[in-house]
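Structural features, examined
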Amino acid sequence: MSITEADTCRRYVLPKLYAAGWRDDQINEQKYFTDGRIVVVGRRHHRKPGKKADYLLRYHPDYPMAVIEAKAAYKNPSDGLQQAMEYAEILNLKFAYSTNGHSIIEHDYTTGKQAQLDEFPTPDELWRRLREYEEIGNEVAERLLFPYNRDARNPDGSVKRPRYYQEIAINHTVQAVLKGKKRILLTMATGTGKTFIAFQIIWKLWNIKWNLNDPNRKPKILYLADRNILIDDPKAKDFAPFGDARHKIQQR
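Structure report, in brief. (Residues numbered from 1 in each chain as written. Predicted model: local features only at pLDDT ≥ 70, side-chain atom pairs only at ≥ 80, totals over all residues. Heavy atoms only, no water.)

1. So, the overall build of the protein
Scanning the protein for helices and strands turns up seven helices and eight strands. Referenced to the eigenvectors of the C-alpha coordinate spread, the extents of the protein come out at roughly 75 × 55 × 30 Å. Relative to its full complement of 252 residues, the protein shows a buried share of 44%. Restricting to contacts in the protein with at least 6 residues of sequence separation, those with at least 24 account for 54%. Carbon and sulfur atoms provide 49% of the accessible area of the protein, an area that totals close to 15,300 Å². Looking at charge distribution, the protein has the averaged site of its 42 positive side-chain charges lying 8 Å from that of its 32 negative ones. (Helix = DSSP H or I, 4+ residues; strand = E, 2+ residues; numbered from the N terminus. Buried < 20%, exposed > 50% of the residue type's maximum accessible area, 1.4 Å probe, protein only. Contact = heavy atoms within 4.5 Å. Areas by Shrake-Rupley, 256 points an atom, 1.4 Å probe, with all protein chains shown as cover. Lys, Arg positive; Asp, Glu negative; His and termini not counted. Charge placed at Lys NZ, Arg CZ, Asp CG, Glu CD.)

Here is the structure:
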């Protein structure tokens, strides 16, 4: 009887991940990370299927590390590697894996090399390799992993999770700031969540007390916009978790 991809995931991939020290809260299974492109044809439109990774591995709930594509046990373990690499590049991840449940093919973007493995690397091993590549010191690493704010809610009341590109923007901006970069530019289209990203970046920097002059004090951060409504609404809603720390500069 043939073993399907679902069987491969359940019987082989998950046990190998557990054996390598990955916990359930670090493993996102069958994870859709895009909604699918909207295609307009005349006066009609339809949405293409979203992109879905078999497994998305996270070192921390807010810090993704690797993507895994699983193929049926009778297939070649490398059959899903191109897809895994495509997803890793979209998600800006440095580690991509393809497996048939028995053998594992790894593409490591930090070295540009591919290797055949019997077991998955541990979370700490991948984190160590990434830190060496990104030159992330101990102090930066600890502060970088400070969690996102979870108070933001969707209209249905569920916790508002960052989309994949928002997660990339937040993590890489905070990392750049902590490494001493003086000028950072994020260019984003209307409707892509600039205010939400700004809030999460500020939340992390504020709580880890990023301050160039006094490491024991929370920083003062200036949020600029060119219309009052773009200040009043975020101040009342998005930035509400800051409480009395919020202040709108009036007049000139």
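2. Remarks on the pattern of salt bridges
Any two side chains of opposite charge can pair, on the condition that their charged atoms come close. Enumeration over the complete set of coordinates arrives at 17 salt bridges. Here R23 and D25 are joined by a salt bridge, their closest N and O atoms 3.0 Å apart. Residue class for R23 comes out partly exposed when judged on its relative accessible area of 45%. Across the pair R128 and E132 runs a salt bridge whose closest N-O atoms are separated by 2.8 Å. Of this pair, R128 and E132 both sit in helix α3 (residues 123-134), four residues apart, which is roughly one turn of that helix. Assessed through its relative accessible area of 37%, R128 is described here as partly exposed. Counted as one network, the salt bridges with shared partners bring together E106, D108, E125, R128, R129 and E132. (Salt bridge = Lys/Arg side-chain N within 4 Å of Asp/Glu carboxyl O.)

3. Description of the packing of helix α5 (residues 164-178) against helix α6 (residues 194-207)
The geometry of α5 relative to α6 is characterised by a closest axis approach of 10 Å and an angle of 35° between their N-to-C directions. For the pair α5 and α6, the crossing hand works out as right-handed. Between α5, through Q166, A169, I170, T173, V174 and V177, and α6, the contact on the second element is made entirely by F196, I197, Q200, I201, K204 and L205. Across the contact of α5 with α6, the residue classes tally to eight nonpolar, three polar and one charged. (Axes fitted to C-alpha atoms, helices over the stretch in contact; angles between N-to-C directions. Left-handed = near helix turned anticlockwise from the far one by under 90°. Nonpolar A, V, L, I, M, F, W, Y, C, P; charged D, E, K, R; others polar.)

4. Brief notes about the nonpolar core
The nonpolar side chains of soluble globular proteins are, as a tendency, buried together. Core analysis: the biggest nonpolar cluster contains 38 residues, and L17, Y55, Y63, M65, Y97, F120 and W127 have the highest contact counts within it. Secondary structure elements with two or more residues in this core: α1 (5-19), β4 (52-60), β5 (63-70), β6 (95-99), α3, α4 (138-144), α5 and α6. Those residues in contact with W127 that lie beyond four places of it in its chain are Y59, Y63, M65, A141, L144 and L145. Judged by nonpolar contacts, the second largest core, of 13 residues, contains A84, M85, A88 and L93. (Core = buried A, V, L, I, M, F, W, Y, C linked by side-chain atoms within 4.5 Å.)

5. Topic: the side chain of N171
For N171, the position within the fold is in helix α5. For N171, a relative accessible area of 6% puts it in the buried group. There is a polar contact of 2.9 Å between the side chain of N171 and the side chain of Y148. Beyond its immediate stretch of four places on either side in the chain, N171 contacts D62, Y63, P64, L144 and Y148. (Polar contact = N/O pair within 3.5 Å; in protein donor to acceptor, adjacent residues only side chain to side chain.)

6. A word on the layout of surface pockets
Volume-wise, the largest pocket comes out at about 1,200 Å³. Lining of the largest pocket is provided by 36 residues; of these, A198, I201, I202, I221 and L222 occupy positions nearest its centre. Mapped by element, the contributors of at least two residues to the lining of the largest pocket are α4, α5, α6 and α7 (229-236). In terms of residue class, the lining of the largest pocket is built from 22 nonpolar, four polar and ten charged. Each pocket or cavity is described by its volume, and for the second largest pocket that value is around 780 Å³. For the second largest pocket, the lining is made up of 30 residues, of which F33, T34, D35, R163 and Y164 are closest to its centre. (1 Å grid on protein atoms, 1.4 Å probe; cavity = no way out; pocket = protein on both sides within 12 Å on 5 of 7 lines; lining within 4 Å. Points joined across faces, edges and corners; volume = space filled by probe spheres on them.)

7. Description of helix α2 (residues 81-90)
L81, A84, M85, Y87 and A88 are the residues of α2 that are buried. Taken around the axis of α2, the buried residues stretch over an arc of 165°, which confines them to a single face. Each element contacted by the buried residues of α2 is listed here: β4, β5, β6, β7 (104-108) and β8 (113-117). Looking at the residues trailing α2, positive phi occurs at N92, about 60°. (Arc of directions from axis to C-beta.)

8. Section: α5
Spanning 15 residues, α5 covers 21 Å between terminal C-alpha atoms, matching the ideal 21 Å at 1.5 Å per step. Burial analysis of α5 places eleven of its 15 residues in the buried class, which makes it a mostly covered element. Taken as a whole, α5 has its buried residues at Q166, E167, A169, I170, N171, T173, V174, Q175, A176, V177 and L178. For α5, the elements touching its buried residues are β4, β5, α3, α4 and α6. Backbone geometry just after α5 places G180 at a positive phi near 90°. (Expected span 1.5 Å × (residues − 1).)

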